[in-house]
Protein chains: 2
Amino acid sequence: MRSVEPVAASTVAAFDHECDVLVVGFGCAGAAAAFEAASAGARVLVLERAGGPGGSSAMSGGELYLGGGTAVQKACGFDDTPDDMFTYLKAALGPHADEEKLRLYCDGSVEHFEWFRDRGLTFNESMYDAPSWMPPTQDGLMWLGENAWPYDTVARPAPRGHRPATESFGGWMIMDKLVAAAKAAGAACHTDTRAANLVVDDAGRVVGVVARQYGETVTYRAHRGVILTTGGFVDNEEMLAQHAPALLGHGKVSDGLDDGDGIQMAAAIGAATRRMAVVQIAMSALPAMLVRGMLVNALGQRFINEDVYPGLFSVAALQHQPGPYWAIVDEEGYEDIPARDLWGVRPTFVAETLAELEQELGMPAGALETTVVTYNRHAERGEDPYFHKAAKWLRPLRAPFAAVDPRLGFNPGDRESAGAGSGASGFTLGGLHTTVDGVVLNNSGQPIPGLYAAGRAASGIHGEGYISGTSLGDGTFFGRRAGLAAAADA
Amino acid sequence: MRSVEPVAASTVAAFDHECDVLVVGFGCAGAAAAFEAASAGARVLVLERAGGPGGSSAMSGGELYLGGGTAVQKACGFDDTPDDMFTYLKAALGPHADEEKLRLYCDGSVEHFEWFRDRGLTFNESMYDAPSWMPPTQDGLMWLGENAWPYDTVARPAPRGHRPATESFGGWMIMDKLVAAAKAAGAACHTDTRAANLVVDDAGRVVGVVARQYGETVTYRAHRGVILTTGGFVDNEEMLAQHAPALLGHGKVSDGLDDGDGIQMAAAIGAATRRMAVVQIAMSALPAMLVRGMLVNALGQRFINEDVYPGLFSVAALQHQPGPYWAIVDEEGYEDIPARDLWGVRPTFVAETLAELEQELGMPAGALETTVVTYNRHAERGEDPYFHKAAKWLRPLRAPFAAVDPRLGFNPGDRESAGAGSGASGFTLGGLHTTVDGVVLNNSGQPIPGLYAAGRAASGIHGEGYISGTSLGDGTFFGRRAGLAAAADA
């Protein structure tokens, strides 16, 4: 293990570089922080380990969870409010979402949407109205579970998945614009530069960073603040074992450099962490397939309405149910899956009877049959009294049947494990404990002078749930706030 | 929030008290550490916040998870081995149990059992062979889930719940003996003394503690080491919110002083923590009732064999299934519960038909009936192909039926919430990251000189599961090792 222990400022004879605000990590949170700090007049320097900016943000699908009445929502005919957005996210990111951060995030969401447009992103004013991880269109708006039970009973549903118009991956497009904006505002960037240790003065203030650059040690002095936007720790097996073992053995949604070094550098000087065990983990299962059939556990039991945001059915399965899991579809449902071949969906088992299928799946005799008979009896009346899947998806399933391994297929966020390994992949949501302005707190609940964090290096708006677009969303939103706060730090 | 920041040794003009090994907290881990350090010739001082020793350990039921071939096991006819013990605990405390600590714990278990006898505890050489949280007898041995599926398929079952002979609570008896042993070995104790901050010298070594005693500040110098045995953090709502929100709103199994201050004092100087989200949480449900019927979730689905260690069915319900949960029993099963009146079991609903009962319980029509019909069909053949409850408990359930709220009744470990609140209670299992000798590690994986921890202030043998007797068990086992290591620390 590398040493993340702090360096005393008194031992640094002369700093190689000086700035006002030093941002560590040039993903979405770093870019947002750098833009705001530079726009506020601070001399900003961004350190990036890789050969260029982008980080894991650039590899994401590019959904932005925004709402409360954005121009795209209005153009598509939805009359959203910050309160409905807050109520939905509190439930879907819960239990135990951070209500203070969430309130600010929702109240500021329309402004934040405009901020993205002002940075040069465009959003088509059209809606993709079908279940999908990532629509195969350039529609600017999509559902992310807002119209599924029980969320539709607590908040007025409105789609809030905002997607920049691009023929490439949305994440890359977003980072392209934000990096350009940060640079245009005056931020400089040192690539191939890995921050290794925080520099702390005698009063306990963070005043800089010691970094490694092409095998050399380079020192950076930050007069107003250091902002850690180094990402989560899914790429650090040791940290996963200590804090988030649920991700061990699964694929990683990352650029391969999310090793938690920023979290550890800060913890080494007594920074508090928060919710380090919380993860998002997703099966690659095709949502358009699941809504047309059912998702069952190893015992043939259903356990969730299949039309929720697919991250939620993934977590419900992987963290709470005995596996393996199976998508059960009939021929009509299977044929009806849009772009089925594009996604590479293939039945694992096909059978003329449920008795035959449950035997193939190693389930107790009668287990799957009981579930399907019950489902069909209610579906005939357009009802799902167990899990309340929307009536539009309810239809009795008829022979022949197929069982599809929901871990197979295409998952846009997953670069490492698609089609291999566990068939599931994820990332971490825990991190440094920060105020709404990104100030890192110590274990006594007090600010650590000069130290800020945002993005997945920090614990954000999330409780124990996750919805697409909330990482790019809270990373940029609280990255901006951290940049402004650091720029104003005496 | 109280400040837990360290104090520089250079600022302490003169220490009020000096010793070789300073133990902070006089529960089971502290007593074991103090005994061993004092027996090794160190001058030992134990600080205790409360007016007397004991801590949460003294309020526990007093089970000790021990095995591998103890005298009590042999006398009761069981031929146990450390390997079987390891294999069972790895599964039941898993996933992600700490295999290095667990291996030592199992290999050393017979010696550790004799250590308890040498400290004056007696264990009756008789077995209580029925499901129970705490047997109403003085039998020295009980099952703690070893004979339940799937554990009985991976390791040869042997009962390992060891219980000291006492007419009072076992936890009190254990602490009485261990405190006396520590004192007899030469350890002194300052009660009503609350450690507040670690004292650290210029080289980063922990050399003492600043404490509060009757409103005054008192300083302690430890020449060889400070051992934190301050317990977990179930009594600190703020820490629960940051790290283990699953326990928010539930009862607390503690003496009311488990506020995590030792963990935070150490984290403030850069100590690493581990698995801070992991908790044990238990419903007060009577095991003898559940095995005679079934445990179902809010949708009338079974989800576990009811004859597992009751902590496991509690976690399976509370952390993974939609509630409320119900114990479903028939008249014959209900009448058959031993000492039913003693435990205060009362049916919540009684009905002549399952249709009536499931309506009372607000379940989808047919939900409970489907489950019971399926259960009965298999039970007639002595089988439970879904969850593999032992054949001795399998019998078709016949009208009339009762639904009993499994959160009601008597839970020996729970002093606060019995019969009130959520009806479930628990404690934390995460804490400081330590070596097998109790050395606290920093975020770079290096030892913090002079700092040790054991008991629930540290992360122990546990993964995400829990079995009774493993807290007193690993607290004393690794407390002893920490005491020996600190006594030998130059």
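Okay, so let's go over this structure. (Residues numbered from 1 in each chain as written. Chains lettered and ligands numbered in written order. Predicted model: local features only at pLDDT ≥ 70, side-chain atom pairs only at ≥ 80, totals over all residues. Heavy atoms only, no water.)

With that out of the way, let us pick up the overall build of chain A. A count of helical and extended segments in chain A gives 17 helices and 22 strands. Taken against the 2.2 N^0.38 rule, which gives 23 Å for 490 residues, the C-alpha radius of gyration of chain A at 23 Å falls within 12% of a compact globule. Structurally, chain A occupies a C-alpha span of about 80 × 50 × 40 Å along its principal axes. Out of the 490 residues in chain A, the part that is buried amounts to 64%. Put simply, of all contacts in chain A between residues at least 6 apart along the chain, 73% involve residues at least 24 apart. Separation between the mean location of the 37 positive side-chain charges and that of the 59 negative ones in chain A comes to 3 Å. (Helix = DSSP H or I, 4+ residues; strand = E, 2+ residues; numbered from the N terminus. Rg over C-alpha atoms; globule rule 2.2 N^0.38 Å. Buried < 20%, exposed > 50% of the residue type's maximum accessible area, 1.4 Å probe, protein only. Contact = heavy atoms within 4.5 Å. Lys, Arg positive; Asp, Glu negative; His and termini not counted. Charge placed at Lys NZ, Arg CZ, Asp CG, Glu CD.)

Another aspect to go through is the sheet that holds strand β7 (residues 161–162) of chain A. All names here are of chain A. Spatially, four strands are ordered β4-β7-β6-β5 in an open sheet, and the strand pairing comes out mixed. Unpaired on one side and paired on the other, β4 (64–65) and β5 (127–128) mark the two borders of the sheet. As defined by bridge partners, β5 adjoins strand β6 (residues 141–142) across two bridges and the pair is classed as parallel. Of the residues in β6, the one forming a bridge with Met 127 is Leu 141. (Pairing = 2+ DSSP bridges.)

A few words on helix α16 (residues 367–379) of chain A. Given 3.6 residues per helical turn, the α-helix brings residues three or four places apart onto the same face. All names here are of chain A. The first and last C-alpha atoms of α16 sit 18 Å apart over 13 residues, in line with the 18 Å expected at 1.5 Å per residue. Buried residues of α16: Ala 367, Leu 368, Thr 371, Val 372, Thr 374, Tyr 375, Asn 376, His 378 and Ala 379, and no others. In the core, the buried residues of α16 are packed alongside β15 (294–296), β16 (326–330) and α15 (354–360). (Expected span 1.5 Å × (residues − 1).)

Soluble globular proteins: nonpolar side chains tend toward being buried together. Counting residues in each nonpolar core, the largest one holds 133 residues, and the members touching the most others are Val44(A), Tyr105(A), Val226(A) and Leu451(A). The greatest single-element share of this core, amounting to nine residues, is contributed by helix α1 (residues 28–39) of chain A. Leu451(A) has contacts with Leu198(A), Val206(A), Val226(A), Leu228(A), Ala266(A), Ile269(A), Gly438(A), Val439(A) and Val440(A), leaving out every residue within four places of it along the chain. Residues Val24(B), Val72(B), Ala97(B) and Leu141(B) belong to the second largest nonpolar core, which totals 131 residues. (Core = buried A, V, L, I, M, F, W, Y, C linked by side-chain atoms within 4.5 Å.)

This part is about the interface of chain A and chain B. Taken together, the contacts link 43 residues of chain A with 43 residues of chain B. Of the roughly 3200 Å² buried where chain A meets chain B, counting both sides, 48% is carbon and sulfur surface. Counting the contacts that link chain A with chain B gives 21 residue pairs in polar contact (both at pLDDT 80 or more). Listing elements by their share of the side of chain A that touches chain B, those giving two or more residues are α9 (237–243), α10 (261–267), β13 (273–274), α12 (310–320) and α16 of chain A. The leading source of residues in the side of chain A that touches chain B is α16(A), at four residues. Class assignment of the residues belonging to the side of chain A that touches chain B gives a composition of 17 nonpolar, 19 polar and seven charged. (Buried area = accessible area lost by both parts, 1.4 Å probe. Polar contact = N/O pair within 3.5 Å; in protein donor to acceptor, adjacent residues only side chain to side chain. Nonpolar A, V, L, I, M, F, W, Y, C, P; charged D, E, K, R; others polar.)

To continue, consider the packing of helix α4 (residues 99–107) of chain B against helix α16 (residues 470–487) of chain B. Residue and element names in this part refer to chain B. At their nearest, the axes of α4 and α16 sit 11 Å apart, and the two run at 90 degrees to each other. As judged from the angle between their axes, α4 and α16 are roughly perpendicular. In this structure, α4 uses Lys 101, Leu 104 and Tyr 105 to contact α16, whose residues at the interface are Gly 473, Asp 474, Phe 477, Phe 478 and Arg 481. Considered class by class, the residues forming the contact of α4 with α16 number four nonpolar, one polar and three charged. (Axes fitted to C-alpha atoms, helices over the stretch in contact; angles between N-to-C directions. Parallel < 35°, antiparallel > 145°, perpendicular 65-115°, else oblique.)

A few words on the pattern of salt bridges. Residue and element names in this part refer to chain A. In this structure the tally under the stated criterion is 56 salt bridges over all chains. Across the salt bridge formed by Asp 20 and Arg 43, the nearest N and O atoms sit 2.9 Å from each other. In this pair, Asp 20 sits in strand β2 (residues 17–24) while Arg 43 sits in the loop between α1 and β3 (44–47), placing the two residues 23 residues apart along the sequence. A salt bridge links Arg 103 to Asp 107, with the shortest nitrogen-to-oxygen separation between them at 3.2 Å. Taken as a pair, Arg 103 and Asp 107 lie in helix α5 (residues 99–107) at a separation of four residues, close to a single helical turn. (Salt bridge = Lys/Arg side-chain N within 4 Å of Asp/Glu carboxyl O.)

Attention shifts here to the environment of Gly270(B). All names here are of chain B. Looking at the element boundaries, Gly 270 is found in the loop between α9 (261–267) and β13 (273–274). Taking relative accessible area as the criterion, Gly 270 reaches 0% and is therefore assigned buried. Taking the C-alpha atoms as reference points, Gly 270 and Ala 485, separated by 215 residues in sequence, lie 21 Å from one another.

A word on the state of the cysteines. Residues and elements named next belong to chain A. As enumerated under the stated definition, the model contains zero disulfides over all chains in all. Summary of cysteine pairing: Cys 19 is not part of a disulfide, and the nearest cysteine sulfur, belonging to Cys 189, is at 12 Å. Judged by its relative accessible area of 3%, Cys 19 is buried. (Disulfide = S-S within 2.5 Å.)

Below, the discussion takes up the sheet that holds strand β17 (residues 349–351) of chain A. All names here are of chain A. Taken together, four strands build an open sheet; the order of strands is β15-β16-β18-β17 and the sheet is antiparallel. Bordering the open sheet on either side are β15 and β17, each of which pairs with just one other strand. Across the sheet, the mean angle separating the axes of adjacent strands is 25 degrees when strand polarity is ignored. Sheet topology places β17 next to strand β18 (residues 401–404); three bridges connect them, and they run antiparallel. Considered in β18, the bridge of Val 350 is made with Ala 402. α16 contacts β15 and β16 of the sheet and is inclined by roughly 150 degrees relative to β15.

Bringing a negative patch on the surface into the picture now. Residues and elements named next belong to chain A. Taken together, the side chains of Glu 331, Glu 352, Glu 356 and Glu 360 define an acidic patch exposed on the protein surface. Relative to the assigned elements, Glu 331 resides in helix α13 (residues 331–336). Taking relative accessible area as the criterion, Glu 331 reaches 44% and is therefore assigned partly exposed. (Patch = residues over 30% accessible without salt bridge, like charges linked within 9 Å, V, L, I, M, F, W, Y side chains within 5 Å. Areas by Shrake-Rupley, 256 points an atom, 1.4 Å probe, with all protein chains shown as cover.)

As a further point, take the relation of the copies chain A and chain B. The transformation that overlays chain A on chain B combines an axial shift of 0.0 Å with a rotation of 180 degrees, and the residual RMSD is 0.0 Å. The symmetry that links the two subunits is that of a two-fold axis. (Least-squares fit on C-alpha atoms with pLDDT ≥ 70 in both.)

Quick look at unusual backbone geometry now. Residues and elements named next belong to chain A. For the peptide bond that leads from Trp 149 to Pro 150, omega is -5 degrees, which places it in the cis range. Tracing the sequence through the fold places Pro 150 in the loop between β6 and α7 (151–154). Even without glycine at this site, His 96 takes up a positive phi of about 75 degrees. Structurally, the position occupied by His 96 is in the loop between α4 (82–92) and α5. A positive phi angle, close to 45 degrees, is found at Tyr 214, a residue other than glycine. A residue is classified by how much of its surface remains accessible, and Tyr 214, at 63% relative accessible area, is exposed.

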